Structure formats: structure tokens, C-alpha cells
Amino acid sequence: MSNNSVKQESAEKVAMVGTPCQITASTLMNEYSDYTGKHNVDLKIGLFCMENFSYNYLKELLKEYEIDLKDVKECRIEKGFMWFYLAENQVFKISLDEAKRCIRKSCEICMDFTSEKSDISVGSVGSPEGWSTIIIRSEKGRNLVDNAEKKGYIKTKPVTDKGLKLMERLAFEKKSENLSEIKKRENVSRPVLYWRVMPSENYLDEVSDSQFIDLKGDVIDIGGCVLCGACLLACPEDIVKIKDRKPEISGECPPGCNACYVACPRTYVPENISSRGEKSPFGDYIKIISAKASIIHGQDGGVVTALLSYALADKVVDEALVVDKNIEEPWKPEAKLTRNVEDVVKAAGTKYSACPIFKAMKKIE
Ligand code: SF4
Ligand code: SF4
Ligand code: SF4
């Protein structure tokens, strides 16, 4: 059933930078906007993502070492450790094995390492230090990279065979480890709906009667929620809130509305959008290259920042959806929709905890 009360939120062209699960949610909202409302993202820059950490679990872990997560200015994963940068140049590290107990449960069933549904995907794996790997997947992505290079924002070079092999190994490692967890959950009646094969022609019938109560049972209550905030953005009644880092509702769902269920990347995902493929490491793509920002420097070569800066400056898009740090709690990510290149530069750097990114696109009318 079509959702007739959907809102037309923005006529502006938006670019987003997001994790693979966020890119899937955006692809669903672009494709099924008759049901979710029009929250179009015109340019999707996906990130490589192995896992993400629970803010609350990490807070508890650091407490054991008498460190308050609020005092952490920056965090990096390098050389088998998670490094926490504190005030006065103090640095604290914990082994990745120890940090792994803080991985979000939803990441343990994730099959997408390289944001397979984006226009371009960017990550540090596969390229030398100071460079990033770019997977170009669409003509839009190709134009962005070509024009940014022509205008001097980035430099590119071919990716090496060694780099490609490393990317492939990590992608397959993620897929095979997480596939075991998916099968385990499916066997104990904790369905992993997004992984089930859903022919595109059956999809709308399957989700037609599903409302927030189903989203809660099928995703939120069983460790499937990736905390993307797509349900909050899509809800035409504005009754979805994120409380204690979980979506919940305060009100009644009108008959016929299934917007949150359609927007969610962890309910059923139609075959043409799904990135469940365990045999293909990166999904479909046009080419893979290495790139480096010519002006801006960052942990991954500053390429994402340079590409977004170019896209805003050259009016490829009007606004960019980025994730920055919370001023009060620097380690806690916070999404922002911005027209300013300065905001994009400020938001540079990897974030290791989940953030309801789509909340920033919600304009309360
Ligand atoms: S579910 Fe976790 S691992 Fe998968 S893309 Fe999202 S944050 Fe990354
Ligand atoms: S929470 Fe209810 S009203 Fe809001 S999108 Fe979901 S089903 Fe619709
Ligand atoms: S329940 Fe909401 S926040 Fe969680 S994954 Fe689904 S859409 Fe995203």
C-alpha cells in the first residue's frame, strides 16, 4: 500500500558520506520514495567498514582503566590496537582483541565491507600510507573523481595487485565470519531478514502490512539495528525518536503506513539492492584506483574531504551530509547537513561509533 502522507522534504541536491549500512538505507529511500517520503541523496560516497563499536560498551570498558570516554579527543585503529588520544598529549591503547567485545551486535551480521551500493567507495585498505583506495561504481562517481582530479583536488594512480589482494582478503574474511553468525542467528529464530533472498517483484507485498511494531520485533529487539536513523527520517507522523541509542515511538501508527519498515536496511532488502553476495568481494564496479588529496591531509589521504569540497564548490551538490564530533563529547559522532566546505573539512577523520546520520536530514515542519 502506498503511503500517501509522505512529506517532500528537500529539493536541494545532497551528497552523503556513510557506512555500507547507511548507504543501503539511502538506496532504499531513493528507490521506494513513494513509501518512505522523498529523502533523495544524489551522490553516495560509501566508506569501507569492517565493524563499528558501541559507545556504551566502550565507555564501560574504558571505565575499567579509569578513563572517561568524554575525555577522549580522538580514536584510531592501527597496528592491532585501538588508540585513544586524551588531553595533554596522553595516549592510551587497548588491543583490538579486547576492543572486539565492544563491537555492535548488528555489525556481526554485516556482509558489506566496501559500501557496494554507493557511487564511489573510499577506504585506506589497498593503498600506501597517505593514499586511499577508491572504487568507482557509477557514471556519477566516475565524473566526480575525474573532475575533482582535473580541478586539482586529488591525484590518482593505479591500485597495485598486492593492494587489491589485501582488499579481497579482508572483504571475504568479513563476509565468511559474518555469514556464520547469520546462520547461527537464523537457526535460533533470530531472523536476519536483510540477508534472505527477496525477489524485487515480491518485496512490496512482503512489507505491505509491516509497521513499527514489526520493526521492533524483527530488527531492534534482536540486535539487528545499525542505528542509522532512517526510520526516524521516513516516519511521516514524526513519532520515531532515538532514545538510549535505540529507536522507539511515542504515538499510534496510522493504518497503511510502513515507511519505517521500508527505509530500514535490516528488514527485507529486495534482491537488486541487497549486498548479500558472499562470492563477490566488492559488488559491481567500474574501476579501482588509489588517490590522494592534493591540498587537504587526513587519516585516509583526505580524499573524502577533497571530493566533497570539490562537489560543494563546483555545485555538483548543494549540501553534504557528514558526521562530525559532538562538541561536548568529542568521541561521540553527530551528523550534520551543511553547505560549508569548512564544516566538511572539520568533520574529516574516521568515526568508530554508530550515529543516526539520517536524523540530520529531518526538517521539522
Ligand atoms: S553494520 Fe556495522 S559493519 Fe556493517 S556497515 Fe554498518 S557499521 Fe559497518
Ligand atoms: S513509526 Fe508508525 S507512523 Fe512512523 S513510519 Fe513507522 S509505521 Fe509509519
Ligand atoms: S531500526 Fe531504524 S535506526 Fe535501526 S537500522 Fe532500522 S532504520 Fe536504522
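Up top is the structure these notes are about.
Owing to the predicted nature of the structure, the values given are computational and were not obtained by experimental measurement.

Another aspect to go through is the site of ligand 3. The full set of residues close to ligand 3 is L215, I220, C225, V226, L227, C228, G229, A230, C231, P247, C264 and P265. Tallied by class, the residues present in the shell around ligand 3 amount to 11 nonpolar, 1 polar and no charged.

Another point: the side chain of S118. Here S118 lies in the loop between α4 (96-99) and β6 (120-123). In this structure the side chain of S118 is engaged in a polar contact, spanning 2.7 Å, whose partner is the backbone oxygen of S115. At 3.1 Å, the side chain of S118 forms a polar contact with the backbone oxygen of I120. Beyond its immediate sequence surroundings of up to four residues, S118 is in contact with I23, K44, I45, G46 and R137.

This next bit is on the site of ligand 2. Taken together, 13 residues lie near ligand 2, and F212, C235, C253, C257 and C260 sit nearest. Classifying every residue of the shell around ligand 2 by side-chain character gives 11 nonpolar, 1 polar and 1 charged.

Our focus in this paragraph is helix α6 (residues 161-187). When the terminal C-alpha atoms of α6 are compared, their 39 Å separation across 27 residues agrees well with the 39 Å that a helix rising 1.5 Å per residue should span. Residues G163, M167, L170, A171, K174, K175, N178, L179, E181, I182 and R185 constitute the buried set of α6. In this fold, the buried residues of α6 make contact with β7 (132-136) and β11 (287-293). Looking one or two residues beyond α6, the residue adopting positive phi is S189, at roughly 60°.

Attention now moves to the pairing of strand β3 (residues 74-78). Taken together, the 5 bridges between β3 and strand β4 (residues 81-85) define a ladder with antiparallel strand orientation. Bridge pairing links E74 to Y85 in β4. Where β3 folds back onto β4 in an antiparallel hairpin, the turn is made up of 2 residues, including K79, whose phi is positive at roughly 50°.

Two pairing modes exist for strands in a sheet, parallel and antiparallel, and in both the strands are linked by backbone hydrogen bonds. Spatial strand order, β8-β11-β7-β6-β2-β1-β12-β13: 8 strands in an open sheet with mixed pairing. Each edge of the open sheet carries a strand with a single partner, namely β8 (154-158) and β13 (333-338). Pairs of neighbouring strands in the sheet enclose a mean axial angle of 25°, with direction left out of account. Pairing of strand β1 (residues 14-18) with strand β12 (residues 319-325), which is carried by 3 bridges, proceeds in the parallel orientation. Note that in β12 the partner of A15 across the bridge is A320. Sitting on the sheet, helix α11 (residues 303-313) touches β1, β2 (43-47), β6, β7, β8, β11, β12 and β13, and the angle it makes with β2 is about 175°.

This brings us to the pairing of β7. The buried fraction of β7 amounts to 5 of the 5 residues, a majority that puts the element mostly inside the structure. Alternating residues of β7 divide into S132, I134 and I136 and T133 and I135, and every residue in both groups is buried. Of the pairings in the sheet, the one linking β6 to β7 comprises 4 bridges and is antiparallel in character. Considered in β7, the bridge of G123 is made with T133.

Spatially, β3-β4-β5 is the arrangement adopted by the 3 strands of the open sheet, whose pairing is antiparallel. Each edge of the open sheet carries a strand with a single partner, namely β3 and β5 (91-95). The average angle at which neighbouring strand axes cross in this sheet is 20°, direction not considered. Strand direction decides the pairing type here: β4 and β5, joined by 5 bridges, are antiparallel. Paired with F81 across the strands is S95, a residue of β5.

Looking now at helix α3 (residues 55-63). Of the positions making up α3, those classed as buried are Y55, L58, L61 and L62. The arc that holds the buried residues of α3, viewed along the axis, is 125°, so those residues lie on one side. Buried positions along α3 lie against β4, β5 and α4.

Calculation criteria
- Residues numbered from 1 in each chain as written.
- Chains lettered and ligands numbered in written order.
- Predicted model: local features only at pLDDT ≥ 70, side-chain atom pairs only at ≥ 80, totals over all residues.
- Heavy atoms only, no water.
- Near = heavy atom within 4 Å.
- Nonpolar A, V, L, I, M, F, W, Y, C, P; charged D, E, K, R; others polar.
- Helix = DSSP H or I, 4+ residues; strand = E, 2+ residues; numbered from the N terminus.
- Polar contact = N/O pair within 3.5 Å; in protein donor to acceptor, adjacent residues only side chain to side chain.
- Contact = heavy atoms within 4.5 Å.
- Expected span 1.5 Å × (residues − 1).
- Buried < 20%, exposed > 50% of the residue type's maximum accessible area, 1.4 Å probe, protein only.
- Pairing = 2+ DSSP bridges.
- Axes fitted to C-alpha atoms, helices over the stretch in contact; angles between N-to-C directions.
- Arc of directions from axis to C-beta.

All quantities given are derived from atomic positions and should not be read as evidence of function.
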